[in-house]
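Descriptive structure summary
Each chain is listed here by its residues.
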Amino acid sequence: MRPNSTLRGSSGRTRTPAATRKGAIMIIGITGGKGGTGKTVIAINLALALADLGKKVTYLDCDSDCPSAHILLGATLRKKQEVRSFIPVINEEKCRKCGRCVRNCQFNSLYMPKGSAPKLVEGLCSGCKACTIACPHGAISEGSKPIGHTYRAEKHGIELFSGKLKPSEPLSEKMVEAVKERGFREGKGEIFIIDTSAGAHCPVVRALEGCTHAFAVTEPTLFGEHDLEAIKVVLKKLGIPYAVITNRSDISPRKVPGAVLEIPYSREMLDCYIKGTPIVRALPSNPTSRKISSFAKGLLK
Amino acid sequence: MKITILSGKGGTGKSCVSSALALETGRCVFVDADVDCPNQFLLFKGKEMLRKPFSASKLAVIGNNSPEEGTDYGKVCEFGAIAKEKDKLRIIENRCEGCGACSLAFPELNIRLEDRKSGEVVVSNTERFPLVYGELVPGEAGSGKVVFELKRIAEEISVHENIPNLLIDAPAGIGCPVIAAVSGCDYAVGVVEPTPASIANLGRALEVVRHFGIPYSIVLNKKGISKKYEKEISKRFGSLLIAEIPYDEQVPRMLAKGVPPSLGKGTASVALRKAARSIIALMRGNEKIRKVRPK
């Protein structure tokens, strides 16, 4: 998708999910389908390896449900900014109880108790504003609810942007957009690394939109291989060129076909994960670190 | 009794614990609520009793694509799904949420909302229990609605066949499909591994559980990979921590073959069965559950 083909919303909030930031040579998405295959640990180490080669790297942690890149990097999240989403506010004096807003809400977030003005179930509201347009009496005005926060951090020479969805709020994809929007606006990287959440649904799609390359991280288990197929379909739909990385490639006799990088299970990598210092930085001469570093070198060719 | 297994972070062992629980419980309807990446059907093969398409969202389709010059059509769409290409408008399908704001704002374009095929819901009769799962079309929205539909079907089965327990394996994360999985449950089990990322994200998942006022307990998985964080978990959760499963290399090997991990002889298999029995004991005694209900 070309960045300019997406128009802007009336709220004045820029919509830049597909934006390719000027000057960025690569936007690399790291995804995988199944959870816990090692997306974040590989993304962080790859980011550091690229930084070690003299590149400016900006890391966008687009798993706003469960962000963990800052934990693996040992960084503290700072510069908190609130992210809000539209909710309708119904002016009971202007409301004529015609029910148009209720009928036109596709998310069933409005209901009308007998004899009263419509009420909102906040948790179901997607912020689409269809109710505002549907109301012929101008009785709905713009309110907002907080859905989470975005943050930034810096450590080991890379910039990190992250977001935390407010628990019990369902709008993961809006948080992902907010992280990307802020990251592309404030980030100065030549290379952007976008780390997605598990799964193959809307927040993952939002995260991957606009990536110039992607890596699907999997593991040699039935589950890993099954979920890899789902994420491949998403990547093909988005038209993003991708390759497969197998993590813990030796935990079973299975072999994932076509992987461009295979990282065997290593106790050291796990220890670094637990300690919050990426292995590329903690043990640069470890075989795993070397493998990731030479892979990063290959990417720049 | 409806019970859900969740963890926030992915890959901590939800599917291992829930499959063990399903096997030990005996009589339950098992719901795999990870609709974009379902896995339980790989472990439990059975006869498909039902497979039907399900629509969880709508798609705007432009009937009269003759936009006027100078009108900013994109501005009404909160999701940035309306693109203008030359003199035509295009709905960007993977951004459209089907809210209908465009059809209300521009009646002249004759935009209608059509049902999208979000995926399929499946009921499979396995040897031990009915398994209900979904197959979302990769990249589709509306996973939460699919989960609600799976739960509705599972409840029908449980009433119809008089099966007392409903077991729900939640997906990773804390977003809409997880909220859909947790809501309306009587009990939740959090699965955690001794790593800082897992502890932090279990905490976020438990905030969702507490939001619904559901009592819960915790199972520690992959014990042995970090003493420090194992200590932190037992300190943080105290008596809520009801079972510990050791790290065992047999587990990925069994999963590679498609064998449910609680059916082996290894240390983790034994511990998984024991954990399942502890959870069942908690589920049976409502009294006990009230005791562990968090403040």
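Residues numbered from 1 in each chain as written. Chains lettered and ligands numbered in written order. Predicted model: local features only at pLDDT ≥ 70, side-chain atom pairs only at ≥ 80, totals over all residues. Heavy atoms only, no water.

**Looking at the nonpolar core**
- One finds Ile 28 and Ile 193 of chain A together with Val 132 and Ile 218 of chain B to be the most contacted residues of the largest nonpolar core, which totals 98 residues.
- Residue contributions to this core peak at 10 residues, all from helix 1 (residues 39-52) of chain A.
- Not counting residues within four places of it along the chain, the set of residues in contact with Ile 218 of chain B comprises Gly 190, Val 192, Leu 202, Leu 206, Phe 237, Leu 240, Leu 241, Ile 242 and Ala 243 of chain B. (Core = buried A, V, L, I, M, F, W, Y, C linked by side-chain atoms within 4.5 Å. Buried < 20%, exposed > 50% of the residue type's maximum accessible area, 1.4 Å probe, protein only. Helix = DSSP H or I, 4+ residues; strand = E, 2+ residues; numbered from the N terminus. Contact = heavy atoms within 4.5 Å.)

**Things to note about the pairing of strand 2 (residues 28-32) of chain B**
Residues and elements named next belong to chain B.
- Of all 5 residues that make up strand 2, 5 are buried, and the element is covered over most of its length.
- Because side chains alternate across strand 2, one face comprises the buried residues Cys 28, Phe 30 and Asp 32, and the other comprises Val 29 and Val 31, equally buried.
- Where strand 2 lies against strand 10 (residues 165-169), 5 bridges are found, and the strand directions are parallel. Paired with Asp 32 across the two strands is Asp 169, which belongs to strand 10.
- One ladder, built from 3 bridges, connects strand 2 with strand 9 (residues 130-136); its direction is parallel. By the bridge assignment, Phe 30 is partnered in strand 9 with Leu 131. (Pairing = 2+ DSSP bridges.)

**What about the sheet that holds strand 11 (residues 187-192) of chain B?**
Residues and elements named next belong to chain B.
- If you trace the 9 strands from one edge of the open sheet to the other, you get 3-8-9-2-10-1-11-12-13, paired in mixed fashion. For this open sheet the edge positions go to strand 3 (46-54) and strand 13 (241-246), each flanked by a neighbour on one side alone. In this sheet, adjacent strand axes meet at a mean angle of 20 degrees when their direction is disregarded.
- Lying on the sheet, helix 4 (residues 143-160) is in contact with strand 1 (2-6), strand 2, strand 3, strand 8 (119-126), strand 9 and strand 10; it crosses strand 9 at an angle near 160 degrees.
- In the packing of helix 7 (residues 227-237) onto the sheet, contacts are made with strand 11, strand 12 (216-223) and strand 13, and the angle to strand 12 comes to roughly 170 degrees. (Axes fitted to C-alpha atoms, helices over the stretch in contact; angles between N-to-C directions.)

**Observations regarding the packing of aromatic side chains**
All names here are of chain B.
- Counted under the stated rule, the structure contains 8 aromatic pairs over all chains.
- A ring pair is formed by Phe 30 and Phe 44, whose centres lie 6.3 Å apart and whose planes are at 70 degrees; its orientation type is edge-to-face. Here Phe 44 lies in the loop between helix 2 (40-43) and strand 3 and Phe 30 lies in strand 2, a separation of 14 residues in the sequence. Here Phe 30 matches Phe 44 in class, with each residue buried.
- The class of Phe 30 is buried, set by a relative accessible area of 0%.
- Chaining the aromatic ring pairs together yields one cluster made of Phe 30, Phe 44 and Phe 129. (Phe/Tyr/Trp six-rings, centres within 6.5 Å; stacked < 30°, edge-to-face > 60°.)

**Overview of the sheet that holds strand 2 (residues 57-62) of chain A**
Residues and elements named next belong to chain A.
- Spatially, 9 strands are ordered 3-6-7-2-8-1-9-10-11 in an open sheet, and the strand pairing comes out mixed. Strand pairing shows two members of the sheet lacking a second neighbour, strand 3 (78-90) and strand 11 (259-263), which therefore form its edges. When the angles between neighbouring strand axes are averaged without regard to direction, this sheet yields 20 degrees.
- Pairing of strand 2 with strand 8 (residues 191-196) involves 6 bridges; the strand directions are parallel. What sits directly across from Val 57, in strand 8, is Ile 191.

**Side note on the layout of surface pockets**
Residues and elements named next belong to chain B.
- In this structure, the largest pocket spans a volume of roughly 840 Å³.
- Among the elements of the structure, helix 4 and helix 5 (176-182) are those that each provide at least two residues to the lining of the largest pocket.
- For the lining of the largest pocket, the element with the highest residue contribution is helix 4, accounting for 4 residues.
- Classifying every residue of the lining of the largest pocket by side-chain character gives 14 nonpolar, 13 polar and 8 charged. (1 Å grid on protein atoms, 1.4 Å probe; cavity = no way out; pocket = protein on both sides within 12 Å on 5 of 7 lines; lining within 4 Å. Points joined across faces, edges and corners; volume = space filled by probe spheres on them. Nonpolar A, V, L, I, M, F, W, Y, C, P; charged D, E, K, R; others polar.)

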